[in-house]
Amino acid sequence: MDTVKQDALKHCAGRIADTLEVNPVLDHLSIILTNEEVEIIKAKPTRSSQSRELIDCLKRKGEQQQPFERLMEALSSYSVGQGWLGKEIQAKYDHLRVSQPCAAEANHAKHNQNAQSAEEFDAAMEVEKIITKFKKVPKIKLSKLDKPLTKTLIEGLSDSREEMAARIDLEDLINIHMSSVLTDSAVKKIRNAPSTSNAFYVFSEALTNGSILALLKFLSGLKSTKQGHLFHLFCTEEFCNELVSVTDNI
């Protein structure tokens with residue numbers, strides 16, 4: 001989703017969280033939402049938290065999927081009946097679009113020059129490719145992945161630490177997927193941490209000081225524990241390209 005549309009949703013975030021009827025809107029958006037994303041949204045305990053998760057999912061969608069336009073269509077549909085909310089969001093978007101013409105024109109020019117480069121980077125799809133490739137590595141070669149993370153990979157993990165700490169579920173990730181690639185002392189510190197956020201900071205420190213193998217196990221573990229929606233927090237295009245480059249050399 002382009003930045004002006006994201007800004008419009010951000011400006012209307014409070015209104016959306018307080019009033020959006022999530023379930024009927026999900027029915028209309030099933031064409032662009034994955035089953036995992038729908039499950040995550042519905043698992044949130046309150047309507048406002050479900051609304052925020054839904055909007056976050058839509059913001060991560062590429063412009064080619066028309067997430068903003070599909071949301072507007074859903075709100076104005078008879079079954080949802082929240083056309084008034086759609087009009088508020090649309091009005092905010094129209095205002096921002098007029099006040100930010102240079103950004104809009106730049107985005108349009110970029111799209112005309114190279115449609116492929118204008119598409120939003122799909123972190124989930126790229127990480128899926130990396131995980132699939134990792135699973136095909138023969139066991140005899142896994143030891144070659146036991147090397148330190150590069151500066152780019154460390155910075156990517158560090159920059160997302162605060163937001164990851166607030167959203168990640170570590171229990172199954174540590175118990176099932178990561179215990180074999182972390183030291184016993186690190187696992188003990190993580191399990192004894194007083195809160196999830198503190199536990200993640202300990203985990204993050206261990207991961208950034210760990211190996212490429214540990215990072216790949218982490219990515220695979222996030223997917224297996226249905227936390228793939230967190231990939232976008234740290235798996236930038238630069239991050240993924242760096243990881244692909246490192247794994248290509250084993």
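Residues numbered from 1 in each chain as written. Predicted model: local features only at pLDDT ≥ 70, side-chain atom pairs only at ≥ 80, totals over all residues. Heavy atoms only, no water.

Relative to the helices and strands, Glu 73 resides in helix α6 (residues 67-76). As a C-alpha pair, Glu 73 and Asp 169 span 96 residues in sequence and 34 Å in three-dimensional space. (Helix = DSSP H or I, 4+ residues; strand = E, 2+ residues; numbered from the N terminus.)

According to UniProt, the positions carrying the feature "domain: CARD" (unreviewed entry) are residues 1-64. Span residues 1-64 is 73% helix and 0% strand, its end C-alpha atoms 8 Å apart. (UniProt positions renumbered as here; feature names shortened; annotations may be inferred.)

With that settled, the discussion passes to the packing of aromatic side chains. In total, this model carries 5 aromatic pairs according to the counting rule given. Ring geometry for Phe 68 against Tyr 93: centres 5.2 Å apart, planes inclined by 50°, an arrangement best described as tilted. You can see Phe 68 sitting in helix α6 and its partner Tyr 93 sitting in helix α7 (residues 83-99), a full 25 residues away along the chain. For Phe 68, a relative accessible area of 2% translates into the label buried. You can call Tyr 93 buried: its relative accessible area is 12%. Ring plane angle 25° and centroid distance 5.8 Å describe the contact between Phe 218 and Phe 234, whose orientation is recorded as stacked. Residue Phe 218 is found in helix α16 (residues 212-224), and its partner Phe 234 is found in the loop between α16 and α17 (237-248); the two are separated by 16 residues along the sequence. Comparing Phe 218 with Phe 234 shows no difference in burial state: the two are buried. (Phe/Tyr/Trp six-rings, centres within 6.5 Å; stacked < 30°, edge-to-face > 60°. Buried < 20%, exposed > 50% of the residue type's maximum accessible area, 1.4 Å probe, protein only.)

Turning our eyes to something else, we now look at the nonpolar core. Within the largest apolar cluster, 43 residues are counted, with the highest numbers of intra-cluster contacts made by Ile 168, Leu 170, Phe 203, Phe 218, Phe 231, Phe 234 and Cys 235. For this core, the elements supplying multiple residues, two or more each, are α10 (123-135), α11 (151-159), α12 (161-167), α13 (171-178), α14 (184-192), α15 (196-208), α16 and α17. Apart from residues lying up to four places away in sequence, Phe 203 is in contact with Leu 170, Ile 174, Met 178, Leu 182, Ile 190 and Phe 218. In terms of nonpolar packing, the next biggest core, distinct from the first, is built from 29 residues, Val 4, Leu 20, Leu 71 and Leu 75 among them. (Core = buried A, V, L, I, M, F, W, Y, C linked by side-chain atoms within 4.5 Å. Contact = heavy atoms within 4.5 Å.)

Moving on, we come to the packing of helix α3 (residues 22-29) against helix α4 (residues 35-43). It is at 12 Å that the axes of α3 and α4 come closest, and there the two elements cross at 175°. By the angle between their axes, α3 is roughly antiparallel relative to α4. Contacts from Val 22, Asn 23 and Leu 26 in α3 reach Val 38, Ile 41 and Lys 42 in α4. Residue composition of the contact of α3 with α4, grouped by class: 4 nonpolar, 1 polar and 1 charged. (Axes fitted to C-alpha atoms, helices over the stretch in contact; angles between N-to-C directions. Parallel < 35°, antiparallel > 145°, perpendicular 65-115°, else oblique. Nonpolar A, V, L, I, M, F, W, Y, C, P; charged D, E, K, R; others polar.)

A separate point is the pattern of salt bridges. Oppositely charged side chains may form a pair once their charged atoms are brought near each other. For the coordinates displayed, the defined rule picks out 16 salt bridges. Across the salt bridge formed by Glu 53 and Arg 167, the nearest N and O atoms sit 3.5 Å from each other. With a gap of 114 residues between them, Glu 53 in helix α5 (residues 47-60) and Arg 167 in helix α12 connect regions that are remote in the sequence. The buried category is assigned to Glu 53, whose relative accessible area is 5%. Taking relative accessible area as the criterion, Arg 167 reaches 25% and is therefore assigned partly exposed. Lys 151 is the salt-bridge partner of Glu 155, the closest N and O atoms lying 4.0 Å from each other. Residue Glu 155 and its partner Lys 151 are located together in helix α11, separated by 4 residues, close to a single helical turn. According to the relative accessible area criterion, Glu 155 is partly exposed, its value standing at 39%. A residue is classified by how much of its surface remains accessible, and Lys 151, at 63% relative accessible area, is exposed. (Salt bridge = Lys/Arg side-chain N within 4 Å of Asp/Glu carboxyl O.)

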